[in-house]
Amino acid sequence: MSERRQPVVGILGGGQLARMLALAAAPLGVNCLVVDGSADACAGQVAPLVVADWSDRAALEAFARRVDVVTFDFENVPADTAHWLAERVAVFPPPDALAVAQDRLAEKTLFRECGLATPEFMTVDTREQLDRALAAVGAPAILKTRRLGYDGKGQFRLKQLGDADAAWAALGAQAATHGLILEAFVPFERELSVIAVRGRDGEFRAWPLTGNWHVDGVLSMSLAPAPNLGQLQQRASEHARVLAEHLGYVGVFALELFVRDGELLGNEMAPRVHNSGHWTIEGAHASQFENHVRAVLGLPLGDTGVRGAAAMFNWVGELPDAAPVLQAVDAHWHDYGKQARPGRKVGHATVCAADAAQLSARLSGIADALGREAQVAPVVQALDART
Ligand code: AMP
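A quick note: this is a predicted structure, and the numbers were derived from the prediction, not measured.

Surveying the vicinity of the ligand reveals 18 residues, the closest of which are Arg104, Lys144, Val186, Glu191 and Glu268. Lys144 is positioned with one of its side-chain polar atoms (N or O) 2.8 Å from an oxygen atom of the ligand. Contact distances for the ligand include 2.8 Å between an oxygen atom and a side-chain N or O atom of Glu268. About the coverage of the ligand: the protein hides 97% of its 470 Å² of free accessible area. Taken together, the elements giving at least two residues each to the shell around the ligand come down to strand 7 (141–145), strand 8 (155–158), strand 9 (180–184), strand 14 (251–260) and strand 15 (263–270). Of the residues that constitute the shell around the ligand, the class distribution is 6 nonpolar, 5 polar and 7 charged. Split by domain, the shell around the ligand shows at least three residues from each of two domains, domain 2 (120–184) and domain 3 (190–386).

Shown next, in the form of structure tokens:
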């Protein structure tokens, strides 16, 4: 009898996303091997960790030999590293899709080509171009780095045309290295994300749309299914499907959307499991992490249906007291095992319930006990205003 060999998924980046991927892979009999430049990467607490940086070809060569497929917890792995690896081992999502999602300009251009409207935008490479872009796009606007920005980093908000000097002082030095883009500031009614998955055979599934609330550009709360969607659910899923097919995408991704005047605008696409999909661990039949592992290995995809309603608190900077969550009914505590640091995502909690009314009551109870009434307020308001 031949010896049984368990599949191994290699993950580039060892943060909390890799950690949750490894935890979801285990029951499937799948092992993970993580690469990160830092020896204390938190995924290393639950999966073997190779400490190497993206330019260490000898370490990546050895890593590629130990895994069946490579995927990412971090979208800013250099595209040439991803392409180089793809010559040695299967890499999903495909490096070309990663490259598009790494560049806000390429991404928004693709959205428009695929029929998804976006906020007005213009590229900015020089100080003069910033003036021209501001004249065209108008104020308020947001200047963003095209590459390597996340969670509101690499962004400057211009309230009026006179803020151009301050914006250039903040980001102008990055024009040559990362490129810049000026976007119209959208006075959106709400923010939504589609978490979706596409298999190696092209099968596509989306979870119900998630409603999201950000503070200082960082996700604070998510709610699923987002209430009062009407046609938006179907339209958003369809946009996600068209994009995934266009990119030959394999794996889970998130499409972040603004709703303005009832219309969808594409903000960005994350080519990986996403913070706004963490609620799927306990709130859906198959989580985004499990389905990503299934997709990259070519296994059948799991059911993206939900059990009732779910909401997620993000713990940013430091963890609150765990006890009120640990003691609550159908509430789930996640500590990523990271050091507290301002602005750092260190954990989350998901609260599930049979329906919106029950969820609203459970969220309020936990928020009161934690002194987090302000964080939960917009979610409770959305739940209570549902029709
Ligand atoms: P991003 O890193 O581009 O996803 O931006 C982080 C957050 O900043 C978004 O989720 C929005 O809440 C806000 N934001 C980004 N771009 C815009 C925009 N063009 N108009 C209004 N708000 C924006």
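Picking up after the structure, the text goes on.
Turning our attention to the environment of Glu191. Assignment of secondary structure puts Glu191 in strand 10 (residues 190–198). Assessed through its relative accessible area of 12%, Glu191 is described here as buried. With 66 residues separating them along the chain, Glu191 and Leu257 place their C-alpha atoms 5.8 Å apart. Here the side chain of Glu191 touches His214 through a polar contact of 2.8 Å, side chain to side chain.

Pairs of packed helices are described in terms of their axes, by the angle between the two and the distance that separates them. Where helix 5 (residues 104–113) contacts helix 9 (residues 232–247), the axes come no closer than 10 Å and their chain directions differ by 115°. For the element pair helix 5 / helix 9, the angle class is roughly perpendicular. When you trace helix 5 past helix 9, the crossing you get is right-handed. Between helix 5, through Leu110, Phe111 and Glu113, and helix 9, the contact on the second element is made entirely by Leu243, His246 and Leu247.

Running from N to C, helix 1 (residues 16–25) and helix 11 (residues 288–297) cross one another at 75°; their axes reach a closest spacing of 8 Å. In terms of axis orientation, helix 1 runs roughly perpendicular to helix 11. Note on element contacts: helix 11 touches helix 1 through Phe289, Glu290, His292 and Val293, opposite Leu17, Met20, Leu21, Ala24 and Ala25. Here the contact of helix 1 with helix 11 is built from residues that sort into 7 nonpolar, 1 polar and 1 charged.

What the 5 strands build is an open sheet, ordered 3-2-1-4-5; its pairing is parallel. Each having just a single partner strand, strand 3 (49–51) and strand 5 (90–91) make up the two edges of the open sheet. Bridge count for strand 1 (residues 8–12) against strand 2 (residues 31–36) is 5 bridges, and the pairing is parallel. Bridge pairing in strand 2 links Val8 to Asn31. Helix 1 contacts strand 1 and strand 2 of the sheet and is inclined by roughly 165° relative to strand 2. Packed onto the sheet, helix 11 meets strand 1 and strand 4 (69–72) and runs at close to 140° relative to strand 4.

Reading the values: rules and limits
- Residues numbered from 1 in each chain as written.
- Predicted model: local features only at pLDDT ≥ 70, side-chain atom pairs only at ≥ 80, totals over all residues.
- Heavy atoms only, no water.
- Near = heavy atom within 4 Å.
- Polar contact = N/O pair within 3.5 Å; in protein donor to acceptor, adjacent residues only side chain to side chain.
- Areas by Shrake-Rupley, 256 points an atom, 1.4 Å probe, with all protein chains shown as cover.
- Helix = DSSP H or I, 4+ residues; strand = E, 2+ residues; numbered from the N terminus.
- Nonpolar A, V, L, I, M, F, W, Y, C, P; charged D, E, K, R; others polar.
- Domains from an automatic or database assignment.
- Buried < 20%, exposed > 50% of the residue type's maximum accessible area, 1.4 Å probe, protein only.
- Axes fitted to C-alpha atoms, helices over the stretch in contact; angles between N-to-C directions.
- Parallel < 35°, antiparallel > 145°, perpendicular 65-115°, else oblique.
- Left-handed = near helix turned anticlockwise from the far one by under 90°.
- Contact = heavy atoms within 4.5 Å.
- Pairing = 2+ DSSP bridges.

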